[in-house]
Amino acid sequence: MRVIDSFRGKHFFLSNFYPARVLFRGQEFPTAEHAFMSAKTTDEHSIEQIRTAPTPAEAKRIGRSVILVDDWDRVRFDAMADVLAAKFDDASLARRLAATGGATLIEGNTWHDQVWGSCTCDTHRNFDGGNALGVLLMRERLRHLLFL
């Protein structure tokens, strides 16, 4: 079975940091990371700070300090699914996602993220992460494959 376990290089388009226009909840965001961080709060000022952050890393930093929506730990997975659906509304990105075929998508990382990905650092490499981003990307891929 083919595995894509790094969202870098030719697979960078799978990363939430990839520069792609994302129309989410009536606003345009420069990356999926910006859009996802905005979903964490209902505070309009914070959403605008996130939306206009110069980089996805900065949007993430801002998003870590916002007042969270109720039940964020539960709704964050649905929010990510919605963000990915918006990102892959772009036909060229959808084709690239579909072209990954049946590959298992794993958001491999070294920053200890065992929820959205699977960390490969010395401490975590022997423990599979939840890989929620990879799972949601594969679900989004299936959605596009069904409608090709």
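Residues numbered from 1 in each chain as written. Predicted model: local features only at pLDDT ≥ 70, side-chain atom pairs only at ≥ 80, totals over all residues. Heavy atoms only, no water.

(A) Local environment of helix α5 (residues 91–98). Taken residue by residue, α5 has Leu93, Ala94, Leu97 and Ala98 as its buried positions. Down the axis of α5, the smallest arc covering the buried residues is 140°, so these residues share one side. Buried positions along α5 lie against β2 (19–24), α4 (72–87), β4 (104–105) and α6 (132–146). (Buried < 20%, exposed > 50% of the residue type's maximum accessible area, 1.4 Å probe, protein only. Helix = DSSP H or I, 4+ residues; strand = E, 2+ residues; numbered from the N terminus. Arc of directions from axis to C-beta. Contact = heavy atoms within 4.5 Å.)

(B) Structural view of the environment of His34. Counting through the fold element by element, His34 comes out in helix α1 (residues 32–38). For the pair formed by His34 and Thr55, sequence separation is 21 residues and the distance between their alpha carbons is 8.4 Å. Beyond its immediate chain neighbours, meaning those up to four positions away, His34 contacts Phe29, Ile50, Arg51, Ala53, Thr55, Pro56 and Ala59.

(C) Examining helix α3 (residues 56–63) more closely. Those residues of α3 lying buried are Pro56, Ala59, Ile62 and Gly63. The arc that holds the buried residues of α3, viewed along the axis, is 120°, so those residues lie on one side.

(D) Molecular detail of the packing of aromatic side chains. Evaluated as defined, the whole model comprises five aromatic pairs. Considering the side-chain rings of Phe36 and Trp72, the 5.4 Å spacing of their centres and the 45° angle between planes classify their relative orientation as tilted. In this pair, Phe36 sits in helix α1 while Trp72 sits in helix α4, placing the two residues 36 residues apart along the sequence. Given a relative accessible area of 5%, Phe36 falls into the buried group. Arranged with centres 5.4 Å apart and planes meeting at 80°, the rings of Phe36 and Trp116 form a pair that is edge-to-face. (Phe/Tyr/Trp six-rings, centres within 6.5 Å; stacked < 30°, edge-to-face > 60°.)

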